[in-house]
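# Chain and residue survey
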Amino acid sequence: MVELHGLSKSFGDLEVLSGIDVTVDTGEVVCIIGPSGSGKSTLLRCVNLLEQPSKGSVFVAGVELTHRDVDIDAARRMLGMVFQQFNLFGHLSVLDNVSIAQRKVLRRGKVEAERIAMDNLAKVGVADKASAYPAHLSGGQQQRVAIARALSMNPKVMLFDEPTSALDPELVGDVLGAMRQLAEEGMTMLVVTHEMQFAREVADRVLFMDRGMLIEQGPPSRVIGDPSHERTRTFLARVLDPAHVDE
Ligand code: ADP
Ligand code: MG
């Protein structure tokens, strides 16, 4: 479903991704972990071409997004993205937030767009907030609206960039629960997260990145439970026990 071949990205002299090769199968859930600044967000942003890779190629569902003749808007629609900041429109109701791109981009009629929006709001457990405005929702509810908005565009792949990092701890579980359900339904997902318990339970595979390189990958029980690389061990010690300092 997703193939990255020799993906590199530099900002000026700074190389932030160095020759990343990753293949993600249909229905697979891949969690990406690694220290701050290791290139995780840049990797996701290269997958949907929010950043233009410096080298290498990106394929999604057999379409090369990095091909110069690609219809980039059409190609990008295969990818739903959920950010740390939910980026909802404050002046629109929840229902309108989830319907507006369906209507403007996919040209769906109002009735159809709202039906699809309600189905997806129900799926993530916030259907009762359809007529509310984002400011009246908790962060966890807003993030679930953002997930429903992305799902309503019928993406083939969902990209999540630290979707729970901006949330109060007691709101994290509802968002992770919605993501877990999506995974169980067979959605192909690439998830940058610091939630190691989620990665252990939901990911089919975990990638550990450091300084722009893919250091190791494998089933979560191996990469998180018994990492092969010293850098992975150092990172996990810090994440799993924030009091632990060893640099
Ligand atoms: P992570 O998500 O793992 O924390 P990022 O992908 O955000 O890492 O960043 C990787 C590196 O790239 C960092 O050193 C960051 O400062 C740099 N970087 C990211 N975006 C830009 C940009 N638009 N311009 C310059 N440097 C950037
Ligand atoms: Mg990031």
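Residues numbered from 1 in each chain as written. Chains lettered and ligands numbered in written order. Predicted model: local features only at pLDDT ≥ 70, side-chain atom pairs only at ≥ 80, totals over all residues. Heavy atoms only, no water.

The subject of this paragraph is the pairing of strand β8 (residues 188-192). Taking burial as the measure, the 5 residues of β8 include 5 buried ones, the bulk of the element. Judged by which residues are buried, β8 turns out to be covered on both faces: Thr188, Leu190 and Val192 on one side and Met189 and Val191 on the other are all buried. One ladder, built from 4 bridges, connects strand β3 (residues 29-33) with β8; its direction is parallel. Opposite cysteine 31, over in β8, you have valine 191 as the bridge partner. Two strands pair when backbone bridges link them, and strand β7 (residues 157-161) and β8 are joined in this way by 5 bridges, in the parallel orientation. Among the inter-strand pairings, leucine 159 is bridged to a residue of β8, identified as leucine 190. With helix α6 (residues 169-184) bridging β7 and its parallel neighbour β8, the resulting β-α-β unit is right-handed. (Buried < 20%, exposed > 50% of the residue type's maximum accessible area, 1.4 Å probe, protein only. Helix = DSSP H or I, 4+ residues; strand = E, 2+ residues; numbered from the N terminus. Pairing = 2+ DSSP bridges. Right-handed = clockwise from strand over helix to strand, strands pointing away.)

Further remarks concern the sheet that holds strand β9 (residues 205-210). The 6 strands are arranged β6-β7-β8-β3-β9-β10 in an open sheet whose pairing can be described as mixed. A single partner strand is all that each edge strand has here, and the edge strands are β6 (79-82) and β10 (213-218). Across this sheet, the average inter-strand angle for adjacent strands is 20 degrees, counted without regard to direction. On the sheet, α6 packs against β3, β7 and β8 and is oriented at approximately 145 degrees with respect to β8. (Axes fitted to C-alpha atoms, helices over the stretch in contact; angles between N-to-C directions. Contact = heavy atoms within 4.5 Å.)

On to the packing of aromatic side chains, then. Counted by the stated rule, this structure contains 1 aromatic pair. With centroids separated by 5.4 Å and ring planes inclined at 40 degrees, the aromatic side chains of phenylalanine 208 and phenylalanine 235 adopt a geometry described as tilted. Separated by 27 residues along the polypeptide, phenylalanine 208 in strand β9 and phenylalanine 235 in helix α9 (residues 230-240) bring together distant segments of the chain. The exposure class assigned to phenylalanine 208 is buried, which follows from its relative accessible area of 0%. Overall, the relative accessible area of 4% leaves phenylalanine 235 in the buried class. (Phe/Tyr/Trp six-rings, centres within 6.5 Å; stacked < 30°, edge-to-face > 60°.)

So, about the site of ligand 1. Taken together, the residues surrounding ligand 1 are Phe11, Leu14, Val16, Pro35, Ser36, Gly37, Ser38, Gly39, Lys40, Ser41 and Thr42. One of the backbone N or O atoms of glycine 37 is found 2.7 Å from an oxygen atom in ligand 1. Between lysine 40 and ligand 1, the recorded distance is 2.8 Å, taken from a side-chain N or O atom to an oxygen atom. Protein chains shield 59% of the accessible area of ligand 1, which is 560 Å² for the free molecule. (Near = heavy atom within 4 Å. Polar contact = N/O pair within 3.5 Å; in protein donor to acceptor, adjacent residues only side chain to side chain. Areas by Shrake-Rupley, 256 points an atom, 1.4 Å probe, with all protein chains shown as cover.)

Geometry only, nothing functional implied.
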